[in-house]
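Descriptive analysis of the structure
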Amino acid sequence: MTKPVVFVTRQVASEAIEYVKEAAEVEVWEEDRPCPREILLQKAEQADGLLTMLTERVDEELLSRARKLKVVANMAVGYDNIDVPAAKKRGIHITNTPDVLTEATADLAFALLMAAGRRITEANRFLLAGEWKSWSPTLLAGQNIYHTTLGIIGMGRIGEAVARRAKGFGMRILYHNRRRRPEAELEVGAQYRELDDLLRQADYVVMLTPLTPDTAKMIGEREFSLMKPTSVFVNVSRGGTVDEEALYRALVEKKIWAAGLDVFQKEPVPPDHPFLTLPNVVALPHIGSATYQTRMEMAKLAAANIRAVLEGKEPVTPV
Ligand code: DGY
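All of these numbers come straight from a predicted model, not from anything done at the bench. (Residues numbered from 1 in each chain as written. Predicted model: local features only at pLDDT ≥ 70, side-chain atom pairs only at ≥ 80, totals over all residues. Heavy atoms only, no water.)

1. Section: the domain arrangement of the protein chain
- Partitioning the protein chain into domains gives domain 1 (5-100 + 293-310) and domain 2 (102-283).
- Computed over C-alpha atoms, the centres of domain 1 and domain 2 are 31 Å apart.
- The junction of domain 1 with domain 2 conceals about 590 Å² of combined surface from both sides, 45% of it contributed by carbon and sulfur atoms.
- There are 2 salt bridges connecting domain 1 and domain 2.
- With its nearest N and O atoms 2.9 Å apart, the salt bridge here joins arginine 238 to aspartate 80.
- Our enumeration of links across domain 1 and domain 2 arrives at 3 residue pairs in polar contact (both at pLDDT 80 or more).
- Its residues placed into classes, the side of domain 1 that touches domain 2 shows 4 nonpolar, 2 polar and 2 charged. (Domains from an automatic or database assignment. Buried area = accessible area lost by both parts, 1.4 Å probe. Salt bridge = Lys/Arg side-chain N within 4 Å of Asp/Glu carboxyl O. Polar contact = N/O pair within 3.5 Å; in protein donor to acceptor, adjacent residues only side chain to side chain. Nonpolar A, V, L, I, M, F, W, Y, C, P; charged D, E, K, R; others polar.)

Structural data, given as structure tokens:
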């Protein structure tokens, strides 16, 4: 019997590749850049399974050409790069990698919150530029973190993990979510708020909601104008959840105090991107889950999902 064919769109942990190889012919895109669209389309035509990254667009065009395709295992918890209804219509399984990246992503969210609140990257640039001439009582003064109020938008697993960290900092924790989460309220002492109330009360707003048609640009001009002038906005979900022009204006006009951004509407951002010109922005190149251990676990989970489907079983973490 001929083995199924799997295309892996980036070099991932060899343990994961070996695991898929026990059940399939595996081809890996070896270059350290996303696989060009035309090659991806050709590979998809031959594939029973695709192991994709968030950089690959799995849309109607790709799916209509991928006649043999049974599973797309996205190595990310987010799956806004995939047209899920179009895949389901064709009986193609879509999977993601929840849980394994929760703690690493929460760590990064908290690191951004702290870096933006305490001006860490700005202070580092100041030092490197030789500008430190003397100690001063106001030099690079930032905002308190301890005993302030955190507002989490999108209270899923990562939100809860951020809240656990915030508890250690004595923070009051507010959250807004599509539906109320009594378990989270009990577990981490988070209090539910309508979005506007959360924005008015929070010193730190952390955006964790997935990007869907309902959440696209859900934070814009009006929302930023509700926030405190001393507040910090952190985005570790997807750039598309925020109106970036409104965020830029809010930062320039000091409607909010700073931002920590790991994600952008269009990635990668060029070095002359407007956000990168602002001292009160800490910007990172979408590294939320980027630890060696986590990326290994994500690859292994994506591999387990592919193999399960190819062996006729239910995927481990279906979308
Ligand atoms: C995800 O998993 O969705 C992250 O954004 C990728 O690290």
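From this point, the discussion proceeds with the structure in view.
2. A word on the packing of helix H5 (residues 102-117) against helix H7 (residues 157-168)
- At a closest axis distance of 8 Å, the pairing of H5 and H7 adopts a crossing angle of 55°. Judged on the interaxial angle alone, H7 and H5 are oblique. The way H5 lies across H7 gives a crossing that is right-handed. Packed against H5, whose contacting residues are Thr102, Glu103, Thr105, Ala106, Asp107, Ala109 and Phe110, the element H7 presents Arg157, Ile158, Ala161, Val162, Arg164, Arg165 and Ala166 at the interface.
- Split by residue class, the contact of H5 with H7 holds 7 nonpolar, 2 polar and 5 charged. (Axes fitted to C-alpha atoms, helices over the stretch in contact; angles between N-to-C directions. Helix = DSSP H or I, 4+ residues; strand = E, 2+ residues; numbered from the N terminus. Parallel < 35°, antiparallel > 145°, perpendicular 65-115°, else oblique. Left-handed = near helix turned anticlockwise from the far one by under 90°. Contact = heavy atoms within 4.5 Å.)

3. Section: the layout of surface pockets
- Approximately 200 Å³ is the volume found for the second largest pocket.
- Along its surface, the second largest pocket is lined by 15 residues, and Arg119, Glu122, Trp257, Pro279 and Asn280 are the ones closest to its centre.
- If you list the elements that add at least two residues to the lining of the second largest pocket, you get H5, helix H6 (120-128), helix H11 (244-252), strand S11 (258-261) and strand S12 (281-283).
- A breakdown of the residues in the lining of the second largest pocket according to their chemical character gives 10 nonpolar, 2 polar and 3 charged. (1 Å grid on protein atoms, 1.4 Å probe; cavity = no way out; pocket = protein on both sides within 12 Å on 5 of 7 lines; lining within 4 Å. Points joined across faces, edges and corners; volume = space filled by probe spheres on them.)

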